[in-house]
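Listed here are the chains, written in short residue letters.
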Amino acid sequence: MKARNYTACLLCLILFFPVVFLSNSATSQTRQETIRTSARQVQIGEVASQELQTLLPEAVESVVYIDGKSETRNLNYNLLYDHFFYSDRRGRTLWLGPRDVDSVRLGDSLFRSFEDEGFFVVVPGIPELLVRHNIDISTETLTRGAYGTTNETASIEVLRAITTASGANGSMHTAYLENPGGQELRITLKREEKFYVLKEGEVLDASNRRALQRAFPEHRREIRRYVRNNDIDFESLEDLSGILEHLSSLD
């Protein structure tokens, strides 16, 4: 990774703009939902609201890039399935997956496609820093206690997340959890944005110190020291871009 020299003004613009475009993309959207059910199979795509699943409140004019060509469509992005979608003239919902396109400019955000990893937003001015929008799904088994109260226990062995999603246009997408025992469950769905780095063409997790050390094993000690001395927040764009700038200066 080559070192970059930014002026103070340019760095402020680079850091400010991504924060704005990432936060604006979901300001009016639902961030978290909780579902209680005892169904033996829970169709997440059906019980979760569209506000939670979709990145934007409505489709926006976007540019799709495929094999060096571009075309304009009104698109939105489904976080649960990691697919873009649009409606054709007949009102049918058609899908665009990571294997269908090279990249998509959705409003101010450029999504790069990685066939085996999915879609990632490129942070303007810092092409090696990526953001992934997704929905975190956590589950708890609720057992009845004395006087009708509920006791919460982790249900890792009870639930298995299975997602079936094809990249073909017009295909059906499903995402469901299995609850074979029919126990009462509390399912929490939460929208998240996680940071990744692009290193030598590979997308690597950068959401915490250990992940970043795995991404840059040659700088494990320097990362540990920098994080400790600067109290790094790995959910902060400014903090993460700062540590990447520090690592680039070491090469």
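Structure first, text after, so check above.
Residues numbered from 1 in each chain as written. Predicted model: local features only at pLDDT ≥ 70, side-chain atom pairs only at ≥ 80, totals over all residues. Heavy atoms only, no water.

(A) Seen up close, the overall build of the chain. Helix and strand content of the chain: six helices and 15 strands. In the chain, which comprises 251 residues, the proportion classed as buried is 43%. Intrachain contacts of the chain at a sequence separation of at least 6 include 57% that bridge at least 24 residues. Carbon and sulfur atoms make up 47% of the accessible area of the chain, which amounts to about 14000 Å² in all. (Helix = DSSP H or I, 4+ residues; strand = E, 2+ residues; numbered from the N terminus. Buried < 20%, exposed > 50% of the residue type's maximum accessible area, 1.4 Å probe, protein only. Contact = heavy atoms within 4.5 Å. Areas by Shrake-Rupley, 256 points an atom, 1.4 Å probe, with all protein chains shown as cover.)

(B) Just the environment of Phe-234, in detail. Within the secondary structure, Phe-234 is located in the loop between α5 (220-230) and α6 (237-250). Each C-alpha atom, one on Phe-234 and one on Ser-207, is 5.7 Å from the other, the two residues being 27 residues apart in sequence. Discounting chain neighbours no more than four positions away, the residues touching Phe-234 are Phe-195, Ala-206, Ser-207, Asn-208, Arg-209, Leu-212, Val-227 and Leu-240.

(C) Region of the structure containing the packing of aromatic side chains. Counting across every chain of the model gives nine aromatic pairs. Centroid distance Tyr-77 to Phe-111: 5.3 Å. Interplanar angle 45°. Geometry classified as tilted. Of the two residues, Tyr-77 is situated in strand β4 (residues 69-78) and Phe-111 in strand β8 (residues 109-114); the sequence distance between them amounts to 34 residues. By relative accessible area, which is 1% here, Tyr-77 ends up buried. With relative accessibility at 1%, the residue Phe-111 sits in the buried group. Residues Tyr-77 and Phe-119 carry aromatic rings whose centres are separated by 6.4 Å and whose planes lie at 90° to one another, so their mutual orientation is edge-to-face. (Phe/Tyr/Trp six-rings, centres within 6.5 Å; stacked < 30°, edge-to-face > 60°.)

(D) Looking closely at the pattern of salt bridges. Taken as a whole, this structure holds nine salt bridges when the rule is applied. The residue Arg-92 makes a salt bridge to Asp-88 at a minimum N-O spacing of 2.6 Å. Overall, the relative accessible area of 45% leaves Arg-92 in the partly exposed class. For Asp-88, a relative accessible area of 19% puts it in the buried group. Put simply, Arg-99 and Glu-115 hold a salt bridge, and the shortest N to O gap is 3.1 Å. You can see Arg-99 sitting in the loop between β6 (93-96) and β7 (103-106) and its partner Glu-115 sitting in the loop between β8 and β9 (118-123), a full 16 residues away along the chain. For Arg-99, a relative accessible area of 56% gives the class exposed. When salt bridges that share partners are traced, they join Arg-99, Glu-115 and Asp-116 into one network. (Salt bridge = Lys/Arg side-chain N within 4 Å of Asp/Glu carboxyl O.)

(E) Seen up close, a positive patch on the surface. Taken together, the side chains of Arg-210, Arg-214, Arg-220, Arg-221, Arg-224, Arg-225 and Arg-228 make up a positively charged region of the molecular surface. At the level of secondary structure, the elements contributing two or more residues to the positive patch comprise α4 (209-215) and α5. For the positive patch, the element with the highest residue contribution is α5, accounting for five residues. Its location among the elements puts Arg-228 in helix α5. (Patch = residues over 30% accessible without salt bridge, like charges linked within 9 Å, V, L, I, M, F, W, Y side chains within 5 Å. Lys, Arg positive; Asp, Glu negative; His and termini not counted. Charge placed at Lys NZ, Arg CZ, Asp CG, Glu CD.)

(F) Molecular detail of α5. Every buried residue of α5 is listed here: Ile-223, Tyr-226 and Val-227. Taken end-on, α5 shows its buried residues confined to a sector of 95°, consistent with a single buried face. Seen from the open side of α5, the exposed residues pointing more than 90 degrees away from its buried face are Arg-221, Arg-228 and Asn-229. On its buried face, α5 is in contact with α4 and α6. In the stretch just after α5, Asp-231 is the one whose phi turns positive, near 50°. (Arc of directions from axis to C-beta.)

(G) Broad picture of unusual backbone geometry. Look at Glu-200: it is not a glycine, yet its phi comes out positive at around 55°. If you trace the backbone, Glu-200 turns up in the loop between β14 (185-199) and β15 (202-205). For Glu-200, a relative accessible area of 79% puts it in the exposed group. Positioned with a positive phi, Asp-231 is a non-glycine residue whose angle comes to about 50°. The residue Asp-231 is located in the loop between α5 and α6 in this model.

(H) Inspection of the pairing of β14 at higher detail. Judged from the six bridges that link them, strand β1 (residues 32-37) and β14 form a sheet pairing that is antiparallel. Bridge assignment links Thr-34 to a residue of β14, and that residue is Thr-188. For β14 and β15, the ladder comprises four bridges, and the chain directions are antiparallel. Bridge pairing in β15 links Leu-198 to Val-203. Hairpin connection from β14 to β15: two residues lie between these consecutive antiparallel strands, with Glu-200 at a positive phi of about 55°. (Pairing = 2+ DSSP bridges.)

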